[in-house]
Amino acid sequence: MSHIRKRFNAPANKKLVQFTSSLPFDRRLYKHDIAGSIAHTKMLAKQGIISLKDANCMIEGLNDISSEIEKGQFIFRDELEDIHMAIEARLFDLLGDLAGKLHTARSRNDQIALDMRLFTKEAISQTLKCLSDLQQSLVVVAEKNKDVIMPGYTHLQPAQPVLIAHHLLAYFEMLQRDAERFSDVQKRTDIMPIGSGALAGVAYDIDREFLSHELGFRKISQNSMDAVSDRDFVIEYIAAASLCMMHLSRLAEEIIIWSSAEFNFIELDDSFVTGSSIMPQKKNPDAAELTRGKTGRVYGNLIAMLTTMKAQPLAYNRDLQEDKEALFDSVDTLLASLEIFAGMITTLKIIKENLDRSTGGDYILATDLADYLVSKGENFRNAHGITAKLINYAAKKGKALNQLNLGEYKRLSPLFNKEILAISKSSSIATKNIVGGTAPQQVDKAIKKAKEIILKSKKGGF
Ligand code: ARG
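First things first, this report covers the structure right here in the doc. This structure is a prediction, so every number in the text was calculated from the model and none was measured. (Residues numbered from 1 in each chain as written. Predicted model: local features only at pLDDT ≥ 70, side-chain atom pairs only at ≥ 80, totals over all residues. Heavy atoms only, no water.)

## A word on the packing of helix α4 (residues 52-70) against helix α5 (residues 83-95)
Condition: Here an axis means a line fitted to C-alpha atoms, over the contact stretch when the element is a helix, while the angle between two N-to-C directions is reported on a 0 to 180 degree scale. Segments assigned H or I by DSSP are reported as helices when at least four residues long, segments assigned E as strands when at least two residues long, and all are numbered from the N terminus. Crossing handedness: left-handed means the near helix sits turned counterclockwise from the far one by under a right angle, and right-handed means the same turn made clockwise. Contact criterion: two residues are considered in contact whenever any of their non-hydrogen atoms come within 4.5 Å of each other.
Where α4 contacts α5, the two axes come as close as 10 Å, and the packing angle between them is 120 degrees. Crossing hand, α4 versus α5: right-handed. Facing C57, M58, G61, L62, D64, I65 and E68 of α4, the residues of α5 in contact are I87, R90, L91, L94 and L95.

Written out as structure tokens, the structure reads:
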């Protein structure tokens, strides 16, 4: 019988053991758990709570367990409930009673809070790195296709011409906000909870600051009851991941639409498409579709965790064990999606002719005609009406705007003169020369700025 069941007169029911065990998934925290235990042991020795000799033996034992796990030699026994008990039990095998000293001035409640914080901190760093890699892919494609004009859409109807670089950099901005959000979550995750004990704090003279420093934390928690029962940081990670997945899902949607035969704006590289089992002509954008699909499970994890937390009285409750799968799944899903997107974007080909052709229906310049009339003194509402009539007229005649002659323009407004015949997608774009606009000078500046941001993030800032 496990040593935490000594008060009971019966062994645990098998179904209960299975139901309560977190070992199938929390074994993933072994490194964090062992790092926490080693720091704890050092601190106990430093404070004279255990001897240095004992501490050294315990640390050696913990390191041995770590390499056993890494080599796949460790036996995970479900009846041991969780990763903390599994490691401690193995330490008993190796050291006998000495292992019993490890849990001095500590509870599994602050121990799991520590492990989860260490895990989340690491996940945030990985997420930031993947975000920056994807941002870089977007900038590479934007720069390579700097002069390519495409139709900008509203309501998925061609609206105004834009540079494709401008369109791609919109996603750069979204991902930058994501990165800022994750960095912000990091501040509140970076807090060391050991010393909270089960809930009340501990009765030993431990050095929490030393532990915090040893484990690389920024701060120590200030209320033991909060520290063992708070999982805000998990929820915040999943919330930031949900937003980021939502951004990826929007980009996925565009990739799917753009690579359809109807649009044919882009071609995904053969290494990033899948085939159909019966239709040999198919090149399917499965990575984009799956990312769009997986967005739902991350949202699901967010709702699951919010719901798990919402009615728990202070302090620790076993409900908290539900935090792990929700967090692990969100981290895995987000990192995999970011990685696949970086590869897919870097390798895709923009089909310039098709983007040109599609903007060729030059009614997309209607707003520019209205703006032109305004520049000649017309008020915008009238200018809008005149241009609408002009487009109707051209459509009835089956003509593009650039096939109309000046007489046809002048019939609708005497303010039109021959400059209007020179209006084009490029001239339209050039007029949007305002910070945040699609004019080439502005997009050049945006690319430069984006590169600086990427460089900074590679150096560890954001
Ligand atoms: N497996 C538990 C969890 O994930 C660890 C803490 C157990 N604490 C306890 N009092 N049963 O939350």
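## Re the nonpolar core
Put simply, the test is: For the purposes of this section, nonpolar cores are sets of buried Ala, Val, Leu, Ile, Met, Phe, Trp, Tyr and Cys residues that join through side-chain atoms within 4.5 Å. Throughout, exposure labels follow a simple rule: accessible area from a 1.4 Å probe, protein chains only, divided by the maximum for the residue type, with under 20% read as buried, over 50% as exposed, and the rest as partly exposed.
F182, Y237, I255 and L334 are the most contacted members of the largest nonpolar core, which has 110 residues in total. Looking at which element gives the most residues to this core, the answer is helix α10 (residues 232-258), with 15 residues. If we skip the residues at most four places from it in the chain, I255 touches I266, L268, A288, F341, M344 and I345. By size, the runner-up hydrophobic cluster in this structure holds 17 residues, among which are A370, L373, A383 and F416.

## Topic: the layout of surface pockets
Heads up, the rule is: Only protein atoms enter the 1 Å grid used here, on which a cavity is any set of points holding a 1.4 Å probe that cannot leave and a pocket is any open set flanked by protein within 12 Å on both sides along at least five of seven lines; residues with an atom within 4 Å of a point are listed as lining. Grid points are joined across faces, edges and corners, and a volume is the space filled by probe spheres set on the points. Amino acid classes used here: Ala, Val, Leu, Ile, Met, Phe, Trp, Tyr, Cys and Pro are nonpolar; Asp, Glu, Lys and Arg are charged; the rest, including Gly, are polar.
Size it by volume and the largest pocket reaches roughly 720 Å³. Secondary structure elements with two or more residues in the lining of the largest pocket: β1 (149-154), β2 (157-163), α7 (164-189), α10 and α18 (440-458). Of the residues assigned to the lining of the largest pocket, the class counts are 13 nonpolar, nine polar and seven charged.

## Focus on helix α3 (residues 30-46)
What counts here: To estimate the expected span of a helix, count its residues, drop one, and scale the result by 1.5 Å.
With 17 residues, α3 ought to run about 24 Å at 1.5 Å a step, and its terminal C-alpha atoms sit 24 Å apart, in line with that. The buried fraction of α3 is high, at 13 of 17 residues. One or two residues past the end of α3 sits G48, with phi positive at roughly 75 degrees.

## Observations concerning the site of the ligand
Cut-off, in case you're wondering: We call a residue near a molecule or strand as soon as one heavy atom of that residue lies within 4 Å of the molecule or strand. Two N or O atoms form a polar contact when they lie within 3.5 Å of each other; inside protein one atom must be a possible hydrogen donor and the other a possible acceptor, and for residues adjacent in sequence the pair counts only when both atoms belong to side chains. For accessible areas, the Shrake-Rupley method is used with a probe of radius 1.4 Å. Any residue's cover is judged against the shown protein chains and nothing else.
In the neighbourhood of the ligand, the contacting residues comprise S22, D82, H84, R108, N109, I112, Y316, R318, Q321 and K324. One nitrogen or oxygen atom from the side chain of K324 is found 2.6 Å from an oxygen atom belonging to the ligand. Protein contacts shield 88% of the accessible area of the ligand, which totals 350 Å² for the unbound molecule. Its residues assigned to classes, the shell around the ligand shows two nonpolar, four polar and four charged.

## Regarding the packing of aromatic side chains
Formally: We call Phe, Tyr and Trp rings a pair once their centres come within 6.5 Å, taking the six-membered ring for Trp, and we label the pair stacked below 30 degrees between planes, edge-to-face above 60, and tilted otherwise. Two conditions define a charge located above a ring, namely a distance within 6 Å from the ring centre to NZ of Lys or CZ of Arg, and an angle within 35 degrees of the ring normal.
This model, assessed by the stated rule, comprises eight aromatic pairs. Ring plane angle 50 degrees and centroid distance 6.4 Å describe the contact between W258 and F265, whose orientation is recorded as tilted. An aromatic cluster is defined as three or more aromatic residues linked by ring pairs; in this entry it consists of Y153, W258, F263 and F265. Its guanidinium or amino end placed over the ring of F217, K121 lies 4.3 Å from that ring's centre, counting from NZ or CZ.

## Points about helix α12 (residues 323-347)
For α12, with 25 residues, the first-to-last C-alpha span of 37 Å sits near the 36 Å given by 1.5 Å per residue. For α12, the buried fraction is high: 18 of the 25 residues fall into the buried class.

## Focus: the pattern of salt bridges
This is how it is decided: Any Lys or Arg side-chain nitrogen located within 4 Å of an Asp or Glu carboxyl oxygen qualifies as a salt bridge.
Here the structure, examined in full by the defined rule, presents 31 salt bridges. One salt bridge in this structure joins R188 and D184, with 2.9 Å as the shortest N-O distance. Remark: D184 and R188 occur in helix α7; sequence separation between them is four residues, near one turn of the helix. Accessibility expressed as a relative area gives 36% for R188, which makes it partly exposed. Looking at D184, the relative accessible area reads 28%, which means it is partly exposed. Where E267 meets K283, a salt bridge forms, and the shortest distance between an N and an O atom there is 3.1 Å. Remark: K283 occurs in the loop between β5 (266-267) and α11 (286-309) and E267 occurs in strand β5; sequence separation between them is 16 residues. Here K283 falls in the partly exposed class, since its relative accessible area comes to 43%. What you see here is one network of salt bridges that share partners, running through E81, D82, R108 and R318.

## Section: the pairing of β2
For clarity, the threshold we go by: At least two bridges found by DSSP between two strands is the condition for calling them paired.
Note that β1 and β2 share six bridges and pair antiparallel. Residue G152 lies in a different strand from β2, and its bridge partner there is Q160. Hairpin connection, β1 to β2: the antiparallel pair is bridged by two residues, and H155 has positive phi, about 60 degrees.

## Some remarks on the environment of E214
Following the sequence through the fold, E214 ends up in helix α8 (residues 208-214). In the structure, E214 is positioned 82 residues away from G296 in sequence and 38 Å away in space, judged by C-alpha atoms. When sequence neighbours within four positions are dropped, the list of residues in contact with E214 reads A39 and K42. Here the side chain of E214 touches K42 through a polar contact of 2.9 Å, side chain to side chain.

## Side note on a nonpolar patch on the surface
This is how the line gets drawn: Only residues above 30% relative accessible area that lack a salt bridge enter a patch, with like-charged residues linked at up to 9 Å and the nonpolar side chains Val, Leu, Ile, Met, Phe, Trp and Tyr linked at up to 5 Å.
Judged by side-chain polarity, L199, M225 and L314 come together as a nonpolar surface patch covering roughly 270 Å² of accessible area. Tracing the sequence through the fold places M225 in helix α9 (residues 224-229). Assessed through its relative accessible area of 33%, M225 is described here as partly exposed.

## With respect to the side chain of D323
Among the secondary structure elements, D323 is positioned in helix α12. On the accessibility criterion, D323 (0% relative accessible area) is buried. Polar side-chain contacts of D323 include one of 2.7 Å to the side chain of K324. Aside from chain neighbours lying at most four places away, what touches D323 is M116, R231, V234 and M305.

## A word on unusual backbone geometry
Residues L314 and A315 are joined by a peptide bond in cis, for which omega reads 0 degrees. Mapped onto the secondary structure, A315 falls in the loop between α11 and α12. The phi dihedral of A105 falls on the positive side, at around 60 degrees, and the residue is not glycine. Note on placement: A105 falls in the loop between α5 and α6 (108-144).

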